[in-house]
Amino acid sequence: MADGARHHPSWTFLTNHARVLLMLSRDPGIRLRDVAAECGVTERTVQAIVSDLEADGYVTRTRASDGRRNRYEINPKAQFRHPAEAGHEIAGLLALLAAPAESQDRVAAGTGGGGSGRARDTRRRDGEA
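Residues numbered from 1 in each chain as written. Predicted model: local features only at pLDDT ≥ 70, side-chain atom pairs only at ≥ 80, totals over all residues. Heavy atoms only, no water.

Turning next to the overall build of the protein chain. Broken down by element type, the protein chain carries five helices and two strands. Traced from its N-terminal end to its C-terminal end, the protein chain shows the element sequence α-α-α-β-β-α-α. Looking at the protein chain residue by residue over its 129 residues, the buried ones come to 21%. A fraction of 33% describes how many contacts in the protein chain between residues 6 or more apart in sequence connect residues 24 or more apart. (Helix = DSSP H or I, 4+ residues; strand = E, 2+ residues; numbered from the N terminus. Buried < 20%, exposed > 50% of the residue type's maximum accessible area, 1.4 Å probe, protein only. Contact = heavy atoms within 4.5 Å.)

Let's shift gears to the pattern of salt bridges. Tallied over the full model, the rule gives three salt bridges. Note that R61 and E54 form a salt bridge whose closest N and O atoms lie 2.7 Å from each other. The exposure class assigned to E54 is partly exposed, which follows from its relative accessible area of 31%. R81 is the salt-bridge partner of D56, the closest N and O atoms lying 2.5 Å from each other. Taken as a pair, D56 in the loop between α3 (43-55) and β1 (59-63) and R81 in the loop between β2 (70-74) and α4 (91-97) lie far apart in primary sequence, 25 residues in all. Taking the relative accessible area as the measure of exposure, R81 reaches 63% and is therefore exposed. (Salt bridge = Lys/Arg side-chain N within 4 Å of Asp/Glu carboxyl O.)

Here we come to the packing of helix α2 (residues 32-39) against α3. Across the interface, α2 lies against α3 with an axial gap of 8 Å and an inter-helix angle of 110°. With respect to each other, α2 and α3 are oriented roughly perpendicular. Each of L32, R33, V35 and A36 in α2 lies in contact with α3, whose residues at this interface are E43, V46, Q47 and V50. Classifying every residue of the contact of α2 with α3 gives five nonpolar, one polar and two charged. (Axes fitted to C-alpha atoms, helices over the stretch in contact; angles between N-to-C directions. Parallel < 35°, antiparallel > 145°, perpendicular 65-115°, else oblique. Nonpolar A, V, L, I, M, F, W, Y, C, P; charged D, E, K, R; others polar.)

Distances and angles like these do not, on their own, reveal function.
Following this line, the structure appears as structure tokens:
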């Protein structure tokens, strides 16, 4: 935006639960206040979301070796809850969105890491190579 104000859309594709899960997947030792800041919600909201995720088997919380922080382990075999996605593991979501942006850029460009193992068809739609 020209005035430097940040645009806040009225809706997004991911829920706060998905965002928190992705943040914990990217950094298992992250502080919940940092998750809250990144997700744009309160720390209390993140605490409630982590409790939900833990209660339903998506996340396991343990005390870090320093005794001061928590570490979060994601269960990639956990399945989506909504009937429309029933039977699908969250591993696919994590693989798609939890990787650092530079890894995602390499995958999108077809230059390495994380793909399905299938060769990409890089020909143009009009048949030119």
